[in-house]
Amino acid sequence: MKFEAFANKVWLATPTMHGNELTYITEALDTNWVSTEGANLERVERLVTEKIGCKYAVPLSCGTAALHLAVKLAGVKPGDTVFCSDMTFDATVNAIVYEHAEPVFVDSEYDTWNMDPKALEKAFELYPKTKAVVVVNLYGTPAKYDEISAIAEKYGAVVIEDAAESFGAIYKGRQTGNFGTYNVISFNGNKIITGSSGGMLLTEDREAADKARKWSTQSRENAPWYQHKELGYNYRMSNIIAGVVCGQMPYLEEHIARKKAIYERYREGFKDLPVTMNPYDRETMQPNFWLSCLLIDESAMCEQIRGDTESRYQTAPGKTCPDEILELLAKYNVQGRPIWKPMHLQPLYEKQPFVTVSGNMRDAEAPEEMTDVGADLFQRGLCLPSDIKMTPEQQDKIIEMVKYCFE
Ligand SMILES: *Cc1c(COP(=O)(O)O)cnc(C)c1O
């Protein structure tokens, strides 16, 4: 063996606690506010609205619940088409399907790996009546909201920003979580800060925030008994979870700085390899660098064939592929991950339209060879361990392991 396996596993991204979370949890226990009400929930609302610079932040059980309520608030009805970033975690799409709407996937761009404004324009040409666009900030990098919002506005569609991965990231001087009419953040265990779980719906609209609160508490009407006029959900955040988030909030900027240092160390370490890192526009974007990712140049890719659940590859001198790198890392106790498998390639969504810059790929008349940026990023890309507890020495060894794959 060329390398020595790490005694302790190096993870992709895990929670990093600082100790003061316990103060808030203890307060909740000492005062018996072990419920979905309490001081920590009020604090979280205040801390997050102040950080993001938005008016309302509704605490919920998870980011997926927040996305579901955002889709409802956008007025999406069964059978409506909803545009959605193709390259994402499937929670983004599931929220659309919970409302029995039809997701239409919009291809990614190479500039940011996010929704391509040109493909979005194309999607509106094909489906001009679409009422909502769900845009993801992939791996903590903001999408191009100037372009995206202008197009959505032209067609009278509502933007929902899925900022689950990008809490703390900035686009043109403003925090992500501000660019949709309804926006979502997540405190899932692997995110930039965590509550162990939890999420929030962010908006400037008081009425929308009130509706989300009501829906999240089983749509209980204001009456002496349990009175219900609308379908409701049990989507509230607990005061204990909120306590963990309260303890984490003061460390958000520190986490981002450490994530950025990890990204820069990889970039420097890989500068002589035929690879690029997940890109962003330095003029307009300050990502939170949630995950550092690699994209292998086309010319340095060995053959890699992925089936539904397994992969085969053929190594060649000077060439490698994501699955070879991931296998090698796993062997030495390091966790990496393929790029999110695009939604248009998921068996669950194989019937849904997929719009690239040149049209709907599912169209019977679509040309055989269409640009499919999402499939290409999935084929050549991987997520590197980005845990902020990883030491520079550990990271340097991981860089050596990746380099070795190119020998
Ligand atoms: C994590 C994540 C979500 C879901 O958040 P949960 O709090 O885990 O429900 C949604 N969208 C994206 C892009 C995510 O990465």
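Everything here concerns the structure above.
The rules behind these values
Residues numbered from 1 in each chain as written. Predicted model: local features only at pLDDT ≥ 70, side-chain atom pairs only at ≥ 80, totals over all residues. Heavy atoms only, no water. Helix = DSSP H or I, 4+ residues; strand = E, 2+ residues; numbered from the N terminus. Rg over C-alpha atoms; globule rule 2.2 N^0.38 Å. Buried < 20%, exposed > 50% of the residue type's maximum accessible area, 1.4 Å probe, protein only. Contact = heavy atoms within 4.5 Å. Areas by Shrake-Rupley, 256 points an atom, 1.4 Å probe, with all protein chains shown as cover. Lys, Arg positive; Asp, Glu negative; His and termini not counted. Charge placed at Lys NZ, Arg CZ, Asp CG, Glu CD. Salt bridge = Lys/Arg side-chain N within 4 Å of Asp/Glu carboxyl O. 1 Å grid on protein atoms, 1.4 Å probe; cavity = no way out; pocket = protein on both sides within 12 Å on 5 of 7 lines; lining within 4 Å. Points joined across faces, edges and corners; volume = space filled by probe spheres on them. Nonpolar A, V, L, I, M, F, W, Y, C, P; charged D, E, K, R; others polar.

Asker: Lay out the overall build of the protein chain in plain terms, naming residues and giving numbers.
Answerer: Scanning the protein chain for helices and strands turns up 12 helices and 18 strands. Taking 2.2 N^0.38 as the reference for a compact globule, 407 residues should give roughly 22 Å; the C-alpha atoms of the protein chain span a radius of gyration of 22 Å, in line with that estimate. Along the first, second and third principal axes, the C-alpha set of the protein chain runs to 75 × 55 × 40 Å. In the protein chain, which comprises 407 residues, the proportion classed as buried is 54%. A fraction of 70% describes how many contacts in the protein chain between residues 6 or more apart in sequence connect residues 24 or more apart. When the accessible surface of the protein chain is totalled, it reaches about 17,900 Å², and 50% of it is carbon and sulfur. Each charge class in the protein chain was averaged separately, 43 positive and 58 negative side chains, and the resulting centres sit 3 Å apart.

Asker: Describe helix H3 (residues 63-73), with residues and values.
Answerer: The buried fraction of H3 amounts to 10 of the 11 residues, a majority that puts the element mostly inside the structure. Just downstream of H3, Gly75 is the residue with a positive phi angle, here 80 degrees.

Asker: Before we move on, could you go through the pattern of salt bridges and cite the residues and values that matter?
Answerer: All told, the structure shown has 20 salt bridges when counted by the stated rule. In this structure, the salt-bridge partner of Lys131 is Asp80, at a minimum N-O distance of 2.9 Å. Here Lys131 is found in the loop between helix H5 (117-126) and strand E4 (132-136), whereas its partner Asp80 is found in the loop between H3 and strand E2 (81-85), with 51 residues between them in sequence. Assessed through its relative accessible area of 34%, Lys131 is described here as partly exposed. Of the charged contacts, one joins Arg380 and Asp376 as a salt bridge, the two residues approaching to 2.7 Å between their closest N and O atoms.

Asker: How would you explain empty space enclosed by the protein if you had to name every residue and give the values?
Answerer: Applying the stated criterion across every chain yields a total of 2 cavities of 30 Å³ or more. In this structure, the largest cavity spans a volume of roughly 70 Å³. Taken together, 15 residues form the lining of the largest cavity, with Thr14, Thr16, Lys191, Ile192 and His255 sitting closest to its centre. If you add up the space inside the second largest cavity, you get close to 30 Å³. For the second largest cavity, the full set of lining residues is Tyr139, Thr141, Tyr263, Asn278, Tyr280, Pro287, Phe289 and Leu291. A per-class count over the lining of the second largest cavity returns 6 nonpolar, 2 polar and no charged.

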